[in-house]
Amino acid sequence: MARGELDDVTQRPLLSDQEEPRDDIDAVVAEQQPRPTFTRNLGAIEAFGIVISIVIGSGVFTSPGSIDTNVPSPGIALIVWLVGGILAWTGASIFAELGTAIPGEGGVQPYLCHIYGDVYGFLAAWTWIVAIMPATLAILSIVFVESAYSAAGVIDEAGNLSHKILSIFVLILISIANSISTKASTRLNSFFVVLKFTSIAAVVVAALAVVAVQVSQPDRDIGGRDWFTKAWFAYRRSYNPDGSETDWTSLSQWEIFGHYSAALYGALWAYSGWDKAIYVSAELSEPARQLPLAINSSIPTAIICFLAANAGYYILLPWDVVSTTDSVAVSAITRLLGKGFGILAAAFICLVVAGSLLGNSFVASRMTVAAANRSWIPRIFTVVGKLGTKPATDGSSDAPVNAIVLSTIIATIYILLGNFRALLTLNGLGEYSFFFFTVLGAAILRYREPNLVRPYRPWIFNHVVFLLVSGFVVVRGAVFALGQAFIIVTLWILGLVYYRARQRNFI
């Protein structure tokens, strides 16, 4: 690869510098890699599509409520969305550094193994396989059905058995779609990416239309009107889904920080796909060039979309409605254009959520396969092409069917036992605990292994920002949600017991 070409494609607009590139960087990086399970048949466009398909999913249509209820004003809510986006971008840039310097399958696990040792990589894989990814799939399945229900005017039914059964049915359908082949999944993702941009554009255009009408006719009652008559950064009472209110003037600063951390979890959930490009880095044809390119195009695109969509919600809805619904986009369109358009909006959002569900199911199976390749879990989960103990021999499919089935079963349990907001916090605690240690390890490697080939090298300031914010989010979030923190710690203890038992051939 020409030196000038590499410089051009790895330019980063976010706080980064460039380590001296090497002409054969992809070949050098490839030499460090173990033999992969999957073929290198993906490019930067497919990686961009996978990240966008995951990031622009249910979060931008459902998280606004959980964020708004934990902040004192809409203006601060938008700042939380911006902070979440910046944190995602800094984290993604660091993961691009690791993904091109330490290639391998399975997300963060090869990095943690390289930096800290195998047991840390195993704990990450274990947490993702039994908690984080199944919880993500469960949340998305729940949101899919809740969006469909909200179009019919049915709310607060997420705890009913019929709702849970429908959520499981949706999950199974998406799992079947992902079991066809890698190429089929990425083609389907491309369709969902277009659909996501269309859905967000519809919200933004509707909001702009309301602004134009309201400015030209100040006395007309259209949209939420609160955006026109109230200060965006003034403190107001927040309305909670259970009917209670939060009086921000009566809270201590520590309590306010607790609410801010909960709000940030909601934003981070919406951006939660920022790390997913590294899950397919082993399938990129030129990872040193394509991975940074995919990340530095997809994350800023998501930030712009999220800020525009959330500003639109505050224009289209009364502010006390935003905090009490988990289907804010459907509520906004229904209020503005009527039930018919609300049903249409719900159909679009269901398809958007399905796209995110498809992308998350895609990467969840990759983590499972990578763990099985290291013999951390039974090697039956390395089988691709069909369900069973032997891979397909006709080459018609390379989908990790056994791994997909495992994540579907565990996610089904979470659907039956959990609910949207509890699973959201569980997901955030689990993910950002390991994200913190991964980014800390990336900083350590700068000094421990200065000569490690780094095709992509962000500024160390990125590491500092990410560590400060994510460390606060994890610690304060754990105090704020002791139940979910207890579950995560219990899973880690069980994971260590399982790891030692496999090491001693007890399992």
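Scroll up a little and you will see the structure.
A brief look at the structure comes next. (Residues numbered from 1 in each chain as written. Predicted model: local features only at pLDDT ≥ 70, side-chain atom pairs only at ≥ 80, totals over all residues. Heavy atoms only, no water.)

On to the overall build of the protein, then. A count of helices and strands for the protein gives 19 helices and two strands. The proportion of buried residues among the 507 residues of the protein is 60%. Across the protein, the fraction of contacts at a sequence separation of at least 24, relative to all contacts at a separation of at least 6, is 80%. For the protein, the accessible area works out to roughly 19400 Å², and carbon and sulfur atoms hold 66% of it. (Helix = DSSP H or I, 4+ residues; strand = E, 2+ residues; numbered from the N terminus. Buried < 20%, exposed > 50% of the residue type's maximum accessible area, 1.4 Å probe, protein only. Contact = heavy atoms within 4.5 Å. Areas by Shrake-Rupley, 256 points an atom, 1.4 Å probe, with all protein chains shown as cover.)

Turning to the packing of helix 14 (residues 328-337) against helix 15 (residues 339-373), a few remarks are in order. Each pair of packed helices can be described by the angle between their axes along with the distance between the axes. Between helix 14 and helix 15, whose axes approach to 7 Å, the crossing angle comes to 155 degrees. In this view, helix 14 runs roughly antiparallel relative to helix 15, as classed from their interaxial angle. Crossing angle aside, the handedness with which helix 14 passes helix 15 is right-handed. Contacts from Ala329, Val330, Ile333, Thr334 and Leu337 of helix 14 reach helix 15 at Lys339, Phe341, Gly342, Ala345, Ala346 and Ile349. Across the contact of helix 14 with helix 15, the residue classes break down as eight nonpolar, two polar and one charged. (Axes fitted to C-alpha atoms, helices over the stretch in contact; angles between N-to-C directions. Parallel < 35°, antiparallel > 145°, perpendicular 65-115°, else oblique. Left-handed = near helix turned anticlockwise from the far one by under 90°. Nonpolar A, V, L, I, M, F, W, Y, C, P; charged D, E, K, R; others polar.)

This next bit is on the environment of Gln109. Within the fold, Gln109 resides in helix 6 (residues 109-115). In this structure Gln109 comes out as buried when scored by relative accessible area, which is 0%. Beyond its immediate stretch of four places on either side in the chain, Gln109 contacts Gly121, Ala125, Met367, Ala370, Ala371, Arg374 and Trp376.

If you check helix 11 (residues 253-270), its first and last C-alpha atoms are 26 Å apart, about what 18 residues at 1.5 Å a residue would give, namely 26 Å. Burial analysis of helix 11 places 13 of its 18 residues in the buried class, the great majority of the element. (Expected span 1.5 Å × (residues − 1).)

In this section: the nonpolar core. The biggest cluster of nonpolar side chains holds 139 residues, and the ones touching the most others in it are Val108, Trp128, Trp274 and Phe306. Among the elements that make up this core, the one with the highest residue count is helix 7 (residues 118-151) (22 residues). With near-sequence residues (within four places) excluded, Val108 lies in contact with Phe95, Ala124, Trp128, Ile278, Met367, Phe435 and Thr438. (Core = buried A, V, L, I, M, F, W, Y, C linked by side-chain atoms within 4.5 Å.)

Moving on, we get to the pattern of salt bridges. A side chain of one charge can pair with a side chain of the opposite charge if their charged atoms are brought near each other. Counted under the stated rule, the structure contains seven salt bridges. Residue Arg446 is joined to Glu97 by a salt bridge in which the shortest nitrogen-to-oxygen separation is 2.9 Å. Of this pair, Arg446 sits in helix 17 (residues 420-448) while Glu97 sits in helix 5 (residues 74-101), and the two are 349 residues apart along the sequence. When sorted by exposure, Arg446 lands in the same class as Glu97, which is buried. (Salt bridge = Lys/Arg side-chain N within 4 Å of Asp/Glu carboxyl O.)

Moving on, we come to unusual backbone geometry. Unlike most non-glycine residues, Arg225 shows phi in positive territory, near 65 degrees. With respect to the helices and strands, Arg225 occurs in the loop between helix 9 (182-216) and helix 10 (226-229). For Arg225, a relative accessible area of 21% corresponds to the partly exposed category. The backbone of Ser375 sits at a positive phi, close to 65 degrees, despite the residue not being glycine. As for its placement among the helices and strands, Ser375 is situated in the loop between helix 15 and helix 16 (401-417).

With that settled, the discussion passes to the environment of Ala135. Relative to the helices and strands, Ala135 resides in helix 7. Given a relative accessible area of 0%, Ala135 falls into the buried group. What Ala135 contacts, discounting residues up to four positions off in sequence, is Tyr414 and Leu423.

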